[in-house]
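Here are the chains, one letter per residue:
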Amino acid sequence: MPPKFDRKLNQHGVKGAYYGGEWVDLEDCAGTFQPDSSKCSGCPTRATCPRSQSRNAASTTNKDTVYDVVIIGAGCIGTSIARELSRYSLKTLLVESADDVSQGATKGNSGIVHAGYDDKPGSVRAKFCWPGNQMFPQLDRELRFGYQKNGSLVVATSTKELEVLEELMERGNINGVKNLRIIQKEELFQMEPALNPDCIAALYAPDAGNVIPYEFAIALAENAVDNGVELRIRREVTAIAKKEDGCFEVDLRHWEPQDYVDVRKKMGKSIDGTESKEISLLSLVMRLCVSFPASIVVMEGLVRFGLLEPSSKDDTKMVMTIVAFISTALVLFLPGGGKRRRGTSVLKDIVAKCPPPVGSGDDGKVTLKDMFQGGSGSKTVQHGATVALESVKVKYVINCAGSYSDQIARMIGDDSFYIKPRLGDYILLNRNQGHLAHSTIFPCPDPVLGKGVLVQQTLWGNLILGPTARDMHNKETRDMSNESIQEYILSKCKQLCPYFDAKEAIHGFCGARSKSSRGDWIIEPSSKDANFIHVAGIDSPGLAGSPAISLYVVELMQKAGLKMPPNINFNPNRAPIITPKVGLRGLKMGPPGKNDSDGKDEATMAKNVICKCEKVTELEVVRALRRSLPIDSTQGIRKRTRAGMGHCQGDAENYDCECRVRAIISRENGVSPEEVGGRPWPATSTLSQRWVYKDDMQKEGLEKRMNNN
């Protein structure tokens, strides 16, 4: 019988939140984690984004638009650079091949903000890791993505491993890492009582921390777009050419899921989703217009921001008058005296029309090649169809394409490096296991594979185990079975923390690290063109280094000749999407239709629980949809609110949260539920089905593999 560890650790969003690395109790969240929304970028309620692009994106058919910068890849590196460039008055475009930002390696990693003691002195990694680490507290105070400074421990179980700790501390000192120290067994077990009893000492790095990596990238991207950066998703870069005028021409393939295209064709709509923008504008007009003068004000705003483009002043007046008249008529003469018939019965009806979530089969299986371009959000996994070919003219290009960055480099004739992908697999345990490890716990590093597995409580309170380090050029590691992967993770992590319950596994996932042939990060102008900047081969600790990397890239752009006047309207602040809660206080649960809002009453939305396991409310889902990034799938909401990430993983037989989310997206985006994407399965999971909690055979298999040596 394992010993009981009587301690409760904080969980982000439960009775408080992590803010700037430190815990803030609920009563102190106002003004800190929960700011005055008028002082934040993107806080006011707005209509949802058009399909596959931000609201501010220029017309894709305008051949005269010349961008200052195009950033290829919207992971934590690309979004960090985009946010930093938004401090300047530039025309910047961020393009992503997947169906959302953060769908590559950023989605599939530990989320550790490493301290930097492990990096080889003099390497590019060592140059950026510690400075980046030190930027996270202030970044979180501005962007509120949730940052926990929990510290890390490298544990030793023998006198030989004690020598390794000394070497790591010396390496850290050379790299400029502060506050490192070696702690002995008594202090170690006071900090982490659930460690393997054989541990005798540890290297303690109190400045290490952790984030949810995709939430970090989403926060960066939102703030970047709010400050003027344009975003297009589902855009594959197919070619890059240098023109006589000195600009690059970047060719993009715009794709959409085949199911979406088929539905749109059947309904007689455009297959690229352009009508969604018109629907959103109409929705906005109907929300705001209760009188003819108000309609005129709205139309003037639409024209001013280029959302409507009449050919003359007379046309402007005519369009404003006609649309204002129509919108006013719609508001005043709809049944119910202008009240929109979008109440609980409507949302309930939409839920009934939603297809059930997928939790078995292999249709959504992700291959290695898919992982290079967005994993479960890639064109292949989504069965994507080309809906448009676009061409972008730009002065400078920044290559942040992760595992695909060598292919992007080849497009300008640069073959100075190639990517050697290494896969890292993880197993995520339920929140009831998170108390076993507050710090990020590592074994002594392997001389070949590096840091090795880890055990860590995530920001939200789960226990994360892993990763593997499967080099794809090695047949033995490339072809490991799911069972072998699980056995490796569980048995290795048991040597660090022997008391976790493998039967509490709720999810498995994998990420592809873009290790370069040079053995280090590549952050430099291309040898083929000084206006083409590589930010490639950024493997661990890339997340930690990302803020410092973005500052350096700005320096490179300035040296390359880019004029960068400051953006006098830059606003660094962003409000969080989630609201901290105390149990079910003030919340209401029930079947669809019982507590649903009409899409306008925020007080009702704030009480209506959409995901029971994670206590996600309708307001949090709507808040995410009305931000500055396009969202058209339950996966997008899952990453922003955690709806469907809890114990039951969105099981339709439990609370059916995925269908509820799909219905809200349908309502808010003004589309049919068939046009809303769902969660693919199995994606990169090693589990045999999505709903592990009711699969006794799978749970027993996990427990058995944990106990194998």
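Computed from a prediction, not measured in an experiment: that's the story for all the values here.

Engineer: If you had to explain the overall build of the protein to someone new, which residues and values would you point to?
Structural biologist: Looking only at helices and strands, one finds 20 helices and 25 strands in the protein. For the protein, buried positions account for 59% of its 709 residues. Considering only residue pairs separated by 6 or more positions, the protein has 75% of its internal contacts joining residues 24 or more positions apart. Surface exposure of the protein reaches about 28100 Å², of which carbon and sulfur atoms provide 52%.

Engineer: Please give an account of the packing of helix H1 (residues 76–85) against helix H5 (residues 213–226) that cites residues and values.
Structural biologist: For any two helices packed against each other, one specifies the crossing angle of their axes together with the interaxial distance. Running from amino to carboxyl end, H1 crosses H5 at an angle of 30 degrees, the nearest separation of the two axes being 8 Å. By the criterion of interaxial angle, the relationship of H1 to H5 is roughly parallel. The element H1 and its partner H5 pack so that their crossing is left-handed. Across the interface between the two elements, Cys76, Thr79, Ser80, Ala82 and Arg83 of H1 pack against Phe216, Ala217, Leu220, Ala221, Asn223 and Ala224 of H5. A per-class count over the contact of H1 with H5 returns 7 nonpolar, 3 polar and 1 charged.

Engineer: Any details on the environment of histidine 12? Residues and values, ideally.
Structural biologist: If you trace the backbone, histidine 12 turns up in the segment before strand S1 (16–19). Residues histidine 12 and isoleucine 578, spaced 566 residues apart in sequence, show a C-alpha to C-alpha distance of 9.8 Å. Other than its neighbours up to four places away in sequence, histidine 12 contacts Ala17, Tyr18, Trp23, Phe33, Gly146, Leu459, Trp460 and Ile578. Among the polar contacts made by the side chain of histidine 12, one reaches the main-chain amide nitrogen of tyrosine 18 at a distance of 3.0 Å.

Engineer: Can you explain a negative patch on the surface? Please cite residues and give values.
Structural biologist: Taken together, the side chains of Asp259, Asp262, Asp362 and Asp363 present a region of like negative charge at the surface. Mapped onto the fold, aspartate 362 is located in the loop between helix H10 (344–353) and strand S13 (364–365). Relative accessible area serves as the criterion here: at 59%, aspartate 362 is assigned to the exposed category.

Engineer: How would you summarise helix H3 (residues 159–174) if you had to cite specific residues and measurements?
Structural biologist: Taking 1.5 Å per residue as the helical rise, H3 with its 16 residues ought to reach 22 Å, and the 23 Å between its terminal C-alpha atoms agrees with that figure. Within H3, burial applies to Leu165, Leu168, Met169 and Gly172. Mapping the buried residues of H3 onto a view down its axis gives an arc of 100 degrees, with all of them on the same face. Turned more than 90 degrees off the buried face of H3, the exposed positions are Thr159, Lys160, Glu163, Glu167 and Ile174. Following H3 by one or two positions, glycine 176 adopts a phi angle in the positive range, close to 90 degrees.

Engineer: Tell me about the nonpolar core, and please be specific about residues and values.
Structural biologist: What tends to happen in soluble globular proteins is that the nonpolar side chains get buried as a cluster. Ranked by size, the top nonpolar core spans 51 residues in total, and within it Ile398, Ile523 and Val535 carry the most contacts. Contributions of two or more residues to this core are made by strand S3 (66–72), H1, helix H2 (124–143), H5, strand S14 (384–399), strand S22 (532–536) and helix H15 (542–559). If you tally residues by element for this core, the top one is H15, at 9 residues. Contact partners of isoleucine 398, with chain neighbours within four places excluded, come to Val69, Val70, Ile71, Ile72, Ile81, Leu85, Ile533, Val535, Val553 and Met557. Core analysis: the next-biggest nonpolar cluster, separate from the first, contains 34 residues, Ile427, Leu463, Leu496 and Val692 among them.

Engineer: An account of the side chain of glutamate 236 is needed here, citing residue identities and associated values.
Structural biologist: With respect to the helices and strands, glutamate 236 occurs in strand S11 (residues 235–242). A relative accessible area of 10% places glutamate 236 in the buried class. Every residue in contact with glutamate 236, bar those within four places of it in the chain, is listed here: Ser97, Asp251, Leu252, Arg253, Trp255, Gln373 and Lys379.

Engineer: Summarise the packing of aromatic side chains; cite the residues concerned and give the values.
Structural biologist: Geometrically, a pair of aromatic rings is defined through the distance of the ring centres and the angle of the planes. The full count for this structure, using the stated rule, is 8 aromatic pairs. Their ring planes at 55 degrees and their centres at 5.4 Å tell us that phenylalanine 128 and tyrosine 552 sit as a pair that is tilted. One end of the pair, phenylalanine 128, is in helix H2; the other, tyrosine 552, is in helix H15, with 424 residues separating them in the sequence. Side by side, phenylalanine 128 and tyrosine 552 carry an identical accessibility label, which is buried. Their ring planes at 90 degrees and their centres at 6.3 Å tell us that phenylalanine 136 and phenylalanine 145 sit as a pair that is edge-to-face.

Engineer: Now, about the packing of H2 against H5: what can you tell me, with residues and values included?
Structural biologist: Between H2 and H5, the shortest axis-to-axis distance is 11 Å and the interhelical angle comes to 60 degrees. Between H2 and H5, the angle falls in the class oblique. Every pair of crossing elements has a handedness; the one defined by H2 and H5 is left-handed. Contacts between H2 and H5 involve Phe136, Leu139 and Leu143 from the former and Phe216, Ala219, Leu220 and Asn223 from the latter.

Engineer: Which residues make up the pattern of salt bridges, and what values do they have?
Structural biologist: According to the stated counting rule, one finds 40 salt bridges in the structure shown. Linking aspartate 100 and lysine 639 is a salt bridge whose minimum nitrogen-to-oxygen distance equals 3.3 Å. In this pair, aspartate 100 is assigned in the loop between strand S4 (92–95) and strand S5 (112–113) and lysine 639 in helix H18 (residues 634–641), connecting sequence segments 539 residues apart. The partner of lysine 393 in a salt bridge is aspartate 245, and the shortest N-O contact between them spans 2.6 Å. With lysine 393 in strand S14 and aspartate 245 in the loop between S11 and strand S12 (248–257), the pair connects residues that are 148 residues apart, well separated along the chain. A residue is classified by how much of its surface remains accessible, and lysine 393, at 30% relative accessible area, is partly exposed. We classify aspartate 245 as partly exposed; its relative accessible area is 44%. Bridged by salt links that share partners, the residues Arg51, Arg234, Glu256 and Asp632 form one connected network.

So, how was this worked out
- Numbering of residues starts from 1 in each chain and follows the order in which that chain's sequence is written.
- Local features in this predicted model are restricted to residues of pLDDT 70 or higher, and side-chain atom pairs are both shown and tallied only at a pLDDT of 80 or more, whereas totals for entire chains, interfaces and linings draw on every residue.
- Calculation of side-chain values draws on the structure's entire complement of heavy atoms; hydrogens and water are dropped beforehand.
- By definition, any uninterrupted DSSP run of H or I lasting at least four residues is a helix, any uninterrupted run of E lasting at least two residues is a strand, and each is numbered from the N terminus.
- The buried label goes to any residue with under 20% of its type's maximum accessible area, the exposed label to any with over 50%, and the partly exposed label to all in between, with areas taken from a 1.4 Å probe on protein chains only.
- In what follows, residue pairs with any heavy atoms lying within 4.5 Å of each other are defined as contacts.
- Throughout, the Shrake-Rupley method with a 1.4 Å probe supplies accessible areas, and for residues the shown protein chains are the sole cover considered.
- Every axis in this analysis is a line fitted to C-alpha atoms, fitted for helices over the stretch in contact. Angles between the N-to-C directions lie between 0 and 180 degrees.
- Reported orientations rely on four angle classes, namely roughly parallel under 35 degrees, roughly antiparallel over 145, roughly perpendicular from 65 to 115, and oblique for the rest.
- Rotating anticlockwise by less than a right angle from the far helix to the near helix defines a left-handed crossing, while the corresponding clockwise rotation defines a right-handed one.
- Under the scheme applied here, ten amino acids are nonpolar (Ala, Val, Leu, Ile, Met, Phe, Trp, Tyr, Cys and Pro), four are charged (Asp, Glu, Lys and Arg), and all others, including Gly, are polar.
- Residues adjacent in sequence count toward polar contacts only when both atoms are side-chain atoms; beyond that, a polar contact is any pair of N or O atoms within 3.5 Å, and within protein one must be able to donate a hydrogen and the other to accept it.
- Here a patch means residues that are over 30% exposed by relative accessible area and free of salt bridges, tied together within 9 Å if like-charged and within 5 Å if nonpolar (Val, Leu, Ile, Met, Phe, Trp, Tyr).
- In the sections that follow, a salt bridge refers to a side-chain nitrogen of Lys or Arg positioned within 4 Å of a carboxyl oxygen of Asp or Glu.
- None of His or the chain ends enter the tally, which takes Lys and Arg as positive and Asp and Glu as negative.
- The atom standing in for a charge is NZ when the residue is Lys, CZ when it is Arg, CG when it is Asp and CD when it is Glu.
- What a helix is expected to span follows from its residue count: subtract one and scale by 1.5 Å.
- Comment: arc refers to directions from the helix axis out to C-beta atoms.
- Here, nonpolar core refers to any group of buried Ala, Val, Leu, Ile, Met, Phe, Trp, Tyr and Cys residues whose side-chain atoms link them within 4.5 Å.
- Side-chain rings of Phe, Tyr and Trp, where Trp is taken by its six-membered ring, are said to pair if the distance between their centres is within 6.5 Å; with planes under 30 degrees apart they count as stacked, over 60 as edge-to-face, and otherwise as tilted.

Any functional reading would require information that these geometric values do not contain.
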